[in-house]
Amino acid sequence: MIESIISMELPAGGHLAIRRNRICPEQETKQCRRISLVSGIHGDELEGQYICYETARRVKEHPEYLKGIVDIYPALNPLGIDMASRTVPRLEMDMNRMFPGDASGDMMERITAAVVDSIIGSDICMDLHASDIFVREIPQVRLSEDFAEALLPYAKMTNADMIWMNATATVHESTLAHSLNLLGVPTLVLEMGQGHDIHRSFGNQIVDGIFHIMSEMDIWEGPEPVVQEPAVSSDGEVEFIRSAVDGVFLPLIEHNHYVKKGDLIGEVVDPFEGTVKQQIRTERGGLLFTLRAYPVVYEGDLLARILTE
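This is a predicted model, so every value here is computed, not measured.

Focus on a nonpolar patch on the surface
Judged by side-chain polarity, Phe134, Tyr294, Val296 and Tyr298 come together as a nonpolar surface patch covering roughly 380 Å² of accessible area. For Tyr294, the location among the structural elements is in the loop between strand E15 (286-292) and strand E16 (296-297). Overall, the relative accessible area of 38% leaves Tyr294 in the partly exposed class.

Description of the pairing of strand E14 (residues 275-281)
Two strands pair when backbone bridges link them, and strand E13 (residues 264-270) and E14 are joined in this way by 6 bridges, in the antiparallel orientation. When the sheet's bridge partners are listed, Leu264 is paired in E14 with Arg281. Hairpin connection between E13 and E14: a loop of 4 residues separates the two successive antiparallel strands, and Gly274 in this loop has a positive phi of roughly 70°.

Overview of helix H4 (residues 148-155)
By the burial criterion, the buried members of H4 are Ala148, Leu151 and Ala155. Projected down its long axis, H4 carries its buried residues within an arc of 75°, all on one side. Opposite the packed face of H4, turned more than 90 degrees from it, sit the exposed residues Glu149 and Ala150. In the core, the buried residues of H4 are packed alongside strand E6 (135-143), strand E7 (162-165), helix H5 (176-182) and strand E8 (187-193).

What about the packing of helix H1 (residues 47-61) against helix H6 (residues 200-216)?
To characterise two packed helices, one gives the angle between the axes of the helices and the distance between these axes. Direction vectors running N to C along H1 and H6 enclose 50°, while the axes themselves pass 9 Å from each other. In terms of axis orientation, H1 runs oblique to H6. Note that H1 runs across H6; the crossing there is right-handed. Contacts between H1 and H6 involve Tyr50, Ile51, Glu54, Thr55, Arg58 and Val59 from the former and Arg200, Gly203, Asn204, Ile206, Val207, Asp208, Ile210, Phe211 and Met214 from the latter. The class makeup of the residues in the contact of H1 with H6 is 8 nonpolar, 3 polar and 4 charged.

Here's the deal with the pattern of salt bridges
As enumerated under the stated definition, the model contains 14 salt bridges in all. Arg33 is paired through a salt bridge with Asp123; the nearest N and O atoms lie 3.6 Å apart. Note that Arg33 is positioned in the loop between strand E2 (15-23) and strand E3 (34-38) and Asp123 in the loop between helix H3 (107-119) and strand E5 (124-130), a separation of 90 residues in sequence. Using a relative accessible area of 33% as the deciding quantity, one classes Arg33 as partly exposed. We classify Asp123 as partly exposed; its relative accessible area is 23%. Linking Arg292 and Asp301 is a salt bridge whose minimum nitrogen-to-oxygen distance equals 3.7 Å.

A look at the nonpolar core
In this structure, Ile35, Met126, Leu188 and Met214 are the most contacted members of the largest nonpolar core, which totals 36 residues. Discounting residues that sit within four places of it in the chain, Ile35 has contacts with Ile69, Val70, Asp71, Ile124, Met126, Ile210, Met214 and Ile219.

Describing the environment of Val226
Here Val226 shows up in the loop between H6 and strand E9 (231-233). Judged by its relative accessible area of 75%, Val226 is exposed. For the pair Val226 and Asn159, spaced 67 residues apart in the sequence, the C-alpha separation amounts to 8.3 Å.

A short note on the domain arrangement of the protein
Here the protein is described as being made up of domain 1 (1-230) and domain 2 (235-306). Of note, the centres of domain 1 and domain 2, computed from C-alpha atoms alone, are 31 Å apart. Contacts between domain 1 and domain 2 engage 16 residues on the former and 14 residues on the latter. Buried area between domain 1 and domain 2, summed over both chains or domains, comes out near 1,300 Å², and the portion from carbon and sulfur atoms is 59%.

Some words on the packing of aromatic side chains
To describe a pair of aromatic rings, one takes the distance between the centres and the angle between the planes. Evaluation of the coordinates by the stated rule reveals 6 aromatic pairs. With a centroid separation of 5.9 Å and 50° between ring planes, the pair formed by Tyr50 and Tyr53 is classed as tilted. Of this pair, Tyr50 and Tyr53 both sit in helix H1, 3 residues apart, roughly one helical turn. Looking at Tyr53, the relative accessible area reads 46%, which means it is partly exposed. An angle of 80° between the planes, with centres 5.3 Å apart, marks the rings of Phe134 and Tyr294 as edge-to-face. Placement of the pair is Phe134 in the loop between E5 and E6 and Tyr294 in the loop between E15 and E16, with a sequence separation of 160 residues. An aromatic cluster of three or more residues is present, and its members are Tyr65, Phe211 and Trp220.

Quick notes on the rules
- Residues numbered from 1 in each chain as written.
- Predicted model: local features only at pLDDT ≥ 70, side-chain atom pairs only at ≥ 80, totals over all residues.
- Heavy atoms only, no water.
- Patch = residues over 30% accessible without salt bridge, like charges linked within 9 Å, V, L, I, M, F, W, Y side chains within 5 Å.
- Areas by Shrake-Rupley, 256 points an atom, 1.4 Å probe, with all protein chains shown as cover.
- Salt bridge = Lys/Arg side-chain N within 4 Å of Asp/Glu carboxyl O.
- Helix = DSSP H or I, 4+ residues; strand = E, 2+ residues; numbered from the N terminus.
- Buried < 20%, exposed > 50% of the residue type's maximum accessible area, 1.4 Å probe, protein only.
- Pairing = 2+ DSSP bridges.
- Arc of directions from axis to C-beta.
- Contact = heavy atoms within 4.5 Å.
- Axes fitted to C-alpha atoms, helices over the stretch in contact; angles between N-to-C directions.
- Parallel < 35°, antiparallel > 145°, perpendicular 65-115°, else oblique.
- Left-handed = near helix turned anticlockwise from the far one by under 90°.
- Nonpolar A, V, L, I, M, F, W, Y, C, P; charged D, E, K, R; others polar.
- Core = buried A, V, L, I, M, F, W, Y, C linked by side-chain atoms within 4.5 Å.
- Domains from an automatic or database assignment.
- Buried area = accessible area lost by both parts, 1.4 Å probe.
- Phe/Tyr/Trp six-rings, centres within 6.5 Å; stacked < 30°, edge-to-face > 60°.

Listed below in structure tokens is the structure:
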């Protein structure tokens, strides 16, 4: 393990040092390929913490298999993680709407510019995210149509359950992923699980995909995990199911299941009256990949998403 420091000057005489954790092979050369794992841009999304840990643990368990470089950035928004905040505390800024930054700008612009500069040169970058506290997601890769053709072969190797094409909220032009892709670093956005939580099964699934990619890119020479073929979508093939009433949502099915048209997936109930206010049925069949996890709902709240057949 080699720890390197990224230093930069801030306005008003300030100074910032970012510690980067780098795992290198014993015989590092200029030809070594590099993968970067990025997590913690949103402080309430913790699924990436386990993926970073498990990746580093497996590499350190068999360092003799490592032939390339693994850079791990587990907490780009450390104050947000400390306070379980999506945004940068006190500033209330969404860090993932500030890339690629500006090396001569204000404090946050300089920080995001330093992050981008540090990752430049990677052969691939994995930007790890989770959902919020309200819904739970199956492991998925989200791609912008602008880069889909170049990124799709990598996305299919991640061991994710699905690939959501043109999921605009997570591939916005000012995100880290969009900026890095414009700068020539193939970058995948992976989303899974739920905010404020860690699902080890999801993490292990994606870590298997990371080692599969590392094997294909000559970064890893150990046993290569077998990965599944994901479902692939576009925005036009995703059905959003929302509540028509206020109440408490009680799901009757787990996500990551295939449903048929008309299936009952849950109910919105009135706990005071003891009545069912709305039965939630599917209008189309397909893969249920998002499901409400926080029970209290109001009219218009998202309850589920289905990748239609």
